[in-house]
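Descriptive analysis of the structure
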Amino acid sequence: GNSVTQMEGPVTLSEEAFLTINCTYTATGYPSLFWYVQYPGEGLQLLLKATKADDKGSNKGFEATYRKETTSFHLEKGSVQVSDSAVYFCALFSGNTGKLIFGQGTTLQVKP
Amino acid sequence: NAGVTQTPKFQVLKTGQSMTLQCAQDMNHNSMYWYRQDPGMGLRLIYYSASEGTTDKGEVPNGYNVSRLNKREFSLRLESAAPSQTSVYFCASSEGGPTANQPQHFGDGTRLSIL
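Below is a short write-up of the structure. Remember, it's a predicted structure, so these values are computed and weren't measured experimentally.

All names here are of chain B. Take arginine 68: it is sitting in strand E7 (residues 65-68). Despite its burial, arginine 68 pairs with no opposite charge, the nearest such side chain being glutamate 52 at 6.7 Å. Polar side-chain contacts of arginine 68 include one of 2.7 Å to the side chain of serine 49. A polar contact is formed between the side chain of arginine 68 and the backbone oxygen of asparagine 70, at a distance of 3.1 Å.

Turning our eyes to something else, we now look at the state of the cysteines. Tallied over the entire structure, the rule returns two disulfides over all chains. Paired by a disulfide, Cys23(A) and Cys90(A) hold their sulfur atoms 2.0 Å apart. With the S-S bond torsion at -70 degrees, the cross-link from Cys23(A) to Cys90(A) turns out left-handed. Of this pair, Cys23(A) sits in strand E4 (residues 23-26) while Cys90(A) sits in strand E10 (residues 86-94), and the two are 67 residues apart along the sequence. With a relative accessible area of 0%, Cys23(A) lands in the buried category. The residue that forms a disulfide with Cys23(B) is Cys91(B), at a sulfur-sulfur distance of 1.9 Å. Where Cys23(B) bonds to Cys91(B) through sulfur, the torsion about that S-S bond is close to -75 degrees, and the disulfide is left-handed. Of this pair, Cys23(B) sits in strand E3 (residues 19-25) while Cys91(B) sits in strand E9 (residues 87-94); the two residues are 68 residues apart in sequence, bridging distant segments of the chain.

Rules and cut-offs
- Within each chain, residue numbers correspond to sequence positions counted from 1 in written order.
- Each chain takes a letter, starting from A, and each ligand takes a number, starting from 1, following the order in which they are written.
- It should be noted that, the model being predicted, local features are given only for residues of pLDDT at least 70 and side-chain atom pairs only at 80 or more, the latter also being counted only at that level, while totals for whole chains, interfaces and linings use all residues.
- Side-chain measures here rest on the full set of heavy atoms in the structure, leaving out hydrogens and waters.
- Here a helix means four or more residues in a row that DSSP labels H or I, a strand means two or more in a row labelled E, and each is numbered from the N terminus.
- Each residue gets one of three labels from its accessible area relative to the maximum for its type: buried under 20%, exposed over 50%, partly exposed in between, using a 1.4 Å probe on protein chains only.
- All tallies of charge rest on Lys and Arg as positive and Asp and Glu as negative; His and the ends of each chain are not included.
- Salt bridge criterion: a side-chain nitrogen from Lys or Arg within 4 Å of a carboxyl oxygen from Asp or Glu.
- Think of a polar contact as two N or O atoms within 3.5 Å of one another; within protein, one of them needs to be a possible hydrogen donor and the other a possible acceptor, and neighboring residues in sequence only count if both atoms come from side chains.
- Our working definition of a disulfide is a cysteine sulfur pair at a distance within 2.5 Å.

This is the structure in C-alpha coordinates:
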(Lines give C-alpha, C1' and ligand atoms only; values in the text may rest on other atoms or scores of the structure.)
Protein backbone atom coordinates (compact mmCIF):
# COMPACT_ATOMS: atom_id res chain seq x y z
CA GLY A 1 0.00 0.00 0.00
CA ASN A 2 0.89 3.67 -0.07
CA SER A 3 3.15 5.00 2.66
CA VAL A 4 5.40 7.91 3.56
CA THR A 5 8.55 7.76 5.67
CA GLN A 6 10.24 10.82 7.16
CA MET A 7 13.48 11.20 9.00
CA GLU A 8 13.25 10.95 12.77
CA GLY A 9 13.31 14.13 14.78
CA PRO A 10 13.77 16.36 16.52
CA VAL A 11 16.09 18.27 14.25
CA THR A 12 17.87 21.06 16.11
CA LEU A 13 19.65 23.79 14.15
CA SER A 14 21.12 27.19 14.77
CA GLU A 15 19.61 30.19 13.03
CA GLU A 16 20.83 30.62 9.42
CA ALA A 17 21.82 26.93 9.13
CA PHE A 18 20.89 24.82 6.11
CA LEU A 19 17.91 22.51 6.55
CA THR A 20 17.15 19.15 4.97
CA ILE A 21 14.29 16.94 6.09
CA ASN A 22 14.22 13.65 4.23
CA CYS A 23 11.02 12.11 2.92
CA THR A 24 10.60 8.94 0.87
CA TYR A 25 7.41 7.33 -0.32
CA THR A 26 5.92 4.10 -1.60
CA ALA A 27 2.99 4.37 -3.95
CA THR A 28 1.37 2.86 -7.00
CA GLY A 29 0.72 5.10 -9.95
CA TYR A 30 1.74 8.75 -9.93
CA PRO A 31 0.92 10.40 -6.61
CA SER A 32 1.07 14.09 -5.82
CA LEU A 33 3.39 15.06 -2.99
CA PHE A 34 2.98 17.70 -0.30
CA TRP A 35 4.73 19.27 2.65
CA TYR A 36 2.55 20.56 5.47
CA VAL A 37 3.74 22.59 8.46
CA GLN A 38 2.19 22.66 11.93
CA TYR A 39 3.10 25.53 14.24
CA PRO A 40 2.60 25.03 17.99
CA GLY A 41 -1.06 24.91 18.94
CA GLU A 42 -2.28 25.20 15.36
CA GLY A 43 -3.57 22.98 12.60
CA LEU A 44 -1.61 21.91 9.54
CA GLN A 45 -0.96 24.39 6.75
CA LEU A 46 0.04 23.49 3.22
CA LEU A 47 3.64 24.59 2.68
CA LEU A 48 4.30 23.39 -0.87
CA LYS A 49 3.37 20.71 -3.35
CA ALA A 50 4.48 18.94 -6.53
CA THR A 51 2.19 16.99 -8.80
CA LYS A 52 4.54 15.22 -11.20
CA ALA A 53 8.07 13.92 -11.50
CA ASP A 54 10.83 16.58 -11.53
CA ASP A 55 8.43 19.30 -10.35
CA LYS A 56 9.87 21.62 -7.72
CA GLY A 57 7.53 23.06 -5.12
CA SER A 58 8.61 26.20 -3.30
CA ASN A 59 7.23 28.61 -0.71
CA LYS A 60 8.65 30.90 2.00
CA GLY A 61 12.21 29.90 1.09
CA PHE A 62 11.47 26.17 1.36
CA GLU A 63 11.90 23.88 -1.65
CA ALA A 64 11.31 20.23 -2.47
CA THR A 65 11.79 18.36 -5.74
CA TYR A 66 9.70 15.34 -6.77
CA ARG A 67 12.27 12.62 -7.56
CA LYS A 68 10.55 9.59 -9.02
CA GLU A 69 13.78 7.64 -9.55
CA THR A 70 14.57 7.76 -5.83
CA THR A 71 10.90 8.05 -4.67
CA SER A 72 11.86 11.06 -2.58
CA PHE A 73 10.60 14.56 -1.82
CA HIS A 74 13.16 16.06 0.55
CA LEU A 75 12.44 19.46 2.09
CA GLU A 76 15.24 22.06 2.05
CA LYS A 77 15.80 25.62 3.15
CA GLY A 78 19.03 27.55 2.77
CA SER A 79 18.84 29.62 5.97
CA VAL A 80 16.40 28.76 8.73
CA GLN A 81 14.92 31.22 11.21
CA VAL A 82 13.65 30.76 14.75
CA SER A 83 10.14 31.29 13.37
CA ASP A 84 10.53 28.11 11.26
CA SER A 85 10.38 25.99 14.43
CA ALA A 86 7.44 23.66 13.84
CA VAL A 87 6.49 20.10 12.94
CA TYR A 88 6.80 19.28 9.23
CA PHE A 89 4.72 16.56 7.58
CA CYS A 90 5.37 14.98 4.23
CA ALA A 91 2.26 13.57 2.54
CA LEU A 92 1.20 11.92 -0.68
CA PHE A 93 -2.11 11.94 -2.46
CA SER A 94 -3.04 9.01 -4.61
CA GLY A 95 -5.86 9.41 -7.08
CA ASN A 96 -6.27 5.63 -6.98
CA THR A 97 -7.39 5.70 -3.37
CA GLY A 98 -8.49 9.30 -3.01
CA LYS A 99 -6.65 9.49 0.30
CA LEU A 100 -3.97 11.79 1.69
CA ILE A 101 -1.31 9.71 3.46
CA PHE A 102 0.93 11.45 6.01
CA GLY A 103 4.38 10.68 7.31
CA GLN A 104 4.93 10.68 11.04
CA GLY A 105 6.15 14.27 11.16
CA THR A 106 9.57 15.80 11.92
CA THR A 107 10.00 18.39 14.64
CA LEU A 108 12.35 21.25 13.79
CA GLN A 109 13.80 23.42 16.55
CA VAL A 110 15.78 26.48 15.51
CA LYS A 111 17.87 28.19 18.19
CA PRO A 112 19.00 31.83 18.04
CA ASN B 1 -11.06 34.43 7.33
CA ALA B 2 -12.39 31.76 9.68
CA GLY B 3 -11.60 28.78 7.40
CA VAL B 4 -12.17 25.58 9.36
CA THR B 5 -13.45 25.98 12.92
CA GLN B 6 -13.42 23.20 15.48
CA THR B 7 -15.08 23.11 18.89
CA PRO B 8 -14.20 22.47 21.61
CA LYS B 9 -10.44 23.07 21.67
CA PHE B 10 -9.90 20.92 24.75
CA GLN B 11 -11.97 18.24 26.47
CA VAL B 12 -11.46 15.69 29.23
CA LEU B 13 -13.82 12.72 29.40
CA LYS B 14 -14.21 9.67 31.58
CA THR B 15 -14.18 6.21 30.04
CA GLY B 16 -17.63 5.37 28.72
CA GLN B 17 -18.82 8.95 28.29
CA SER B 18 -19.97 10.19 24.93
CA MET B 19 -19.30 13.43 23.14
CA THR B 20 -19.50 15.10 19.75
CA LEU B 21 -16.73 17.13 18.16
CA GLN B 22 -17.99 19.89 15.92
CA CYS B 23 -16.45 21.19 12.72
CA ALA B 24 -17.61 23.91 10.35
CA GLN B 25 -16.03 25.41 7.24
CA ASP B 26 -16.94 28.64 5.48
CA MET B 27 -15.10 28.04 2.19
CA ASN B 28 -17.97 26.28 0.40
CA HIS B 29 -15.85 23.12 0.14
CA ASN B 30 -17.45 19.87 -0.92
CA SER B 31 -15.24 17.43 0.98
CA MET B 32 -14.59 17.25 4.70
CA TYR B 33 -12.37 14.95 6.76
CA TRP B 34 -11.67 13.88 10.32
CA TYR B 35 -8.14 12.84 11.36
CA ARG B 36 -6.51 11.88 14.59
CA GLN B 37 -2.91 12.76 15.39
CA ASP B 38 -0.88 10.57 17.72
CA PRO B 39 2.82 10.91 18.62
CA GLY B 40 5.10 9.27 16.05
CA MET B 41 2.20 8.28 13.81
CA GLY B 42 1.38 11.35 11.79
CA LEU B 43 -2.27 11.91 10.94
CA ARG B 44 -4.63 9.02 10.31
CA LEU B 45 -7.95 9.40 8.53
CA ILE B 46 -10.99 8.41 10.59
CA TYR B 47 -13.88 9.29 8.25
CA TYR B 48 -14.48 11.57 5.33
CA SER B 49 -17.40 13.02 3.44
CA ALA B 50 -17.13 13.69 -0.28
CA SER B 51 -20.37 15.65 -0.39
CA GLU B 52 -23.38 16.54 1.69
CA GLY B 53 -25.24 13.39 2.70
CA THR B 54 -22.36 10.96 2.10
CA THR B 55 -19.75 9.58 4.48
CA ASP B 56 -17.06 6.91 4.12
CA LYS B 57 -14.68 5.12 6.44
CA GLY B 58 -11.02 5.99 6.53
CA GLU B 59 -8.10 4.13 8.03
CA VAL B 60 -9.23 4.03 11.70
CA PRO B 61 -13.06 4.32 11.91
CA ASN B 62 -13.75 1.93 14.80
CA GLY B 63 -15.34 3.60 17.83
CA TYR B 64 -16.45 6.68 15.88
CA ASN B 65 -19.49 7.89 13.99
CA VAL B 66 -19.89 10.96 11.80
CA SER B 67 -22.65 13.14 10.46
CA ARG B 68 -22.48 15.52 7.53
CA LEU B 69 -25.21 17.82 8.74
CA ASN B 70 -25.04 20.15 5.74
CA LYS B 71 -22.37 21.40 3.37
CA ARG B 72 -20.70 23.45 6.12
CA GLU B 73 -20.74 21.06 9.07
CA PHE B 74 -19.22 17.65 9.74
CA SER B 75 -19.36 16.23 13.26
CA LEU B 76 -17.48 13.35 14.87
CA ARG B 77 -19.09 11.37 17.69
CA LEU B 78 -17.56 9.09 20.28
CA GLU B 79 -20.40 6.96 21.66
CA SER B 80 -18.44 5.32 24.48
CA ALA B 81 -15.03 6.91 24.93
CA ALA B 82 -12.00 4.71 25.60
CA PRO B 83 -8.49 5.72 26.77
CA SER B 84 -7.14 4.63 23.35
CA GLN B 85 -9.08 7.50 21.83
CA THR B 86 -6.98 10.07 23.69
CA SER B 87 -5.58 12.10 20.81
CA VAL B 88 -5.64 15.38 18.96
CA TYR B 89 -8.43 15.45 16.41
CA PHE B 90 -8.27 17.55 13.26
CA CYS B 91 -11.03 18.44 10.86
CA ALA B 92 -10.13 19.40 7.30
CA SER B 93 -11.90 20.39 4.12
CA SER B 94 -11.08 20.56 0.43
CA GLU B 95 -12.66 21.93 -2.70
CA GLY B 96 -14.00 19.23 -4.98
CA GLY B 97 -14.10 15.54 -4.20
CA PRO B 98 -11.40 13.50 -2.44
CA THR B 99 -9.97 12.35 -5.78
CA ALA B 100 -9.61 15.89 -7.07
CA ASN B 101 -6.10 16.27 -5.62
CA GLN B 102 -6.67 19.64 -4.05
CA PRO B 103 -5.07 20.90 -0.85
CA GLN B 104 -6.83 20.22 2.41
CA HIS B 105 -7.40 23.07 4.86
CA PHE B 106 -7.16 22.19 8.54
CA GLY B 107 -8.73 23.44 11.73
CA ASP B 108 -6.67 24.09 14.87
CA GLY B 109 -7.56 20.75 16.45
CA THR B 110 -9.39 19.39 19.49
CA ARG B 111 -7.24 17.96 22.26
CA LEU B 112 -9.19 15.10 23.83
CA SER B 113 -8.14 13.17 26.93
CA ILE B 114 -9.99 10.07 28.10
CA LEU B 115 -9.36 9.08 31.71
